[in-house]
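# Overview (structure and organization)
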Amino acid sequence: QVQLVESGGGLVQPGGSLRLSCAASGFTFSLYRMSWYRQAPGKERELVATISSAGGSTNYADSVKGRFTISRDNAKNTVYLQMNSLKPEDTAVYYCKALHGILDLSYWGQGTQVTVSS
């Protein structure tokens, strides 16, 4: 069955770094655009970063530009989010999402908690 499993979250001090991973299985990963979203307590889920199916195109929310980097390894069916210069306002549950734009199929992971606090 389809699975997206995030990992790499945790507690980090302001200014620190984390690398999130999302391992995919059960579908043809290389055909899907991948995204990272986040949801802070009491707030709506927001798009953080997106990467095209082949990895040649990326987009970022203004709030994370220059600090976060999305990448993927289609041989490992995994997408990553490198997060640097973390701020307390980056605290949220981070989710990965797979989207097949033509078939309009999408899948979500279960999320991983990121807490930025001193």
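These lines cover the structure that appears in this document, whether it is placed above or below. (Residues numbered from 1 in each chain as written. Predicted model: local features only at pLDDT ≥ 70, side-chain atom pairs only at ≥ 80, totals over all residues. Heavy atoms only, no water.)

### A closer look at the nonpolar core
- If you look at the biggest cluster of nonpolar residues, it comprises 29 residues, and the most contacted ones within it are Met 34, Trp 36, Leu 81, Met 83 and Tyr 94.
- Looking at this core, the elements that each hand over two or more residues are strand 3 (18-25), strand 4 (33-39), strand 5 (46-51), strand 7 (68-73), strand 8 (78-83), strand 9 (92-100) and strand 11 (112-116).
- The residues contacting Met 34, other than those within four sequence positions of it, are Leu 4, Cys 22, Phe 29, Ala 49, Thr 50, Ile 51, Ile 70, Arg 72, Val 79, Lys 97 and Ala 98. (Core = buried A, V, L, I, M, F, W, Y, C linked by side-chain atoms within 4.5 Å. Buried < 20%, exposed > 50% of the residue type's maximum accessible area, 1.4 Å probe, protein only. Helix = DSSP H or I, 4+ residues; strand = E, 2+ residues; numbered from the N terminus. Contact = heavy atoms within 4.5 Å.)

### Looking at the sheet that holds strand 8
- Overall, antiparallel pairing links the 4 strands, which are arranged 1-3-8-7 in an open sheet. Looking at strand neighbours, the two that pair on one side only are strand 1 (3-7) and strand 7, the edges of this open sheet. Ignoring strand direction, the axes of neighbouring strands in this sheet form an average angle of 15 degrees.
- Of the pairings in the sheet, the one linking strand 3 to strand 8 comprises 6 bridges and is antiparallel in character. Bridging from a neighbouring strand, Leu 18 pairs with Met 83 of strand 8. (Pairing = 2+ DSSP bridges. Axes fitted to C-alpha atoms, helices over the stretch in contact; angles between N-to-C directions.)

### Quick word on the state of the cysteines
- Going through the model one piece at a time under the given rule, you end up with 1 disulfide.
- Here Cys 22 engages in a disulfide with Cys 96; their sulfurs sit 1.9 Å apart. Every disulfide takes its handedness from the sign of the S-S torsion; for Cys 22 and Cys 96 that torsion is 45 degrees, giving right-handed. On the criterion of sequence distance, the pair formed by Cys 22 in strand 3 and Cys 96 in strand 9 is long-range, its members being 74 residues apart. Here the two residues Cys 22 and Cys 96 agree in accessibility, since each one is buried. (Disulfide = S-S within 2.5 Å.)

### A look at the environment of Val 12
- For Val 12, the position within the fold is in strand 2 (residues 10-12).
- Overall, the relative accessible area of 12% leaves Val 12 in the buried class.
- Once the C-alpha coordinates of Val 12 and Lys 97 are considered, the two residues, 85 residues apart in sequence, prove to be 24 Å apart.
- With near-sequence residues (within four places) excluded, Val 12 lies in contact with Ser 17, Leu 18, Leu 86, Thr 115, Val 116 and Ser 117.

### Some words on the side chain of Arg 67
- Among the secondary structure elements, Arg 67 is positioned in the loop between strand 6 (58-60) and strand 7.
- A polar contact is formed between the side chain of Arg 67 and the backbone oxygen of Ser 85, at a distance of 3.0 Å. (Polar contact = N/O pair within 3.5 Å; in protein donor to acceptor, adjacent residues only side chain to side chain.)

### Comments concerning the packing of aromatic side chains
- Inspection of the entire model under this criterion finds 5 aromatic pairs.
- Judged by centre distance (5.2 Å) and plane angle (40 degrees), the rings of Phe 27 and Tyr 107 are tilted. Of the two residues, Phe 27 sits in the loop between strand 3 and strand 4 while Tyr 107 sits in strand 10 (residues 105-108), which places them 80 residues apart along the sequence.
- Assessed through its relative accessible area of 12%, Phe 27 is described here as buried.
- Between Tyr 32 and Tyr 107 the ring centres are 5.8 Å apart and the planes differ by 35 degrees, which places this aromatic pair in the tilted class. Highlighted residues: Tyr 32 in the loop between strand 3 and strand 4 and Tyr 107 in strand 10, separated in sequence by 75 residues.
- A network of ring pairs unites the aromatic residues Phe 27, Tyr 32 and Tyr 107 as a single cluster.
- Over the ring of Tyr 80 we find Arg 19, and its NZ or CZ is 4.0 Å from the ring centre. (Phe/Tyr/Trp six-rings, centres within 6.5 Å; stacked < 30°, edge-to-face > 60°. Lys NZ or Arg CZ within 6 Å of the ring centre and 35° of its normal.)

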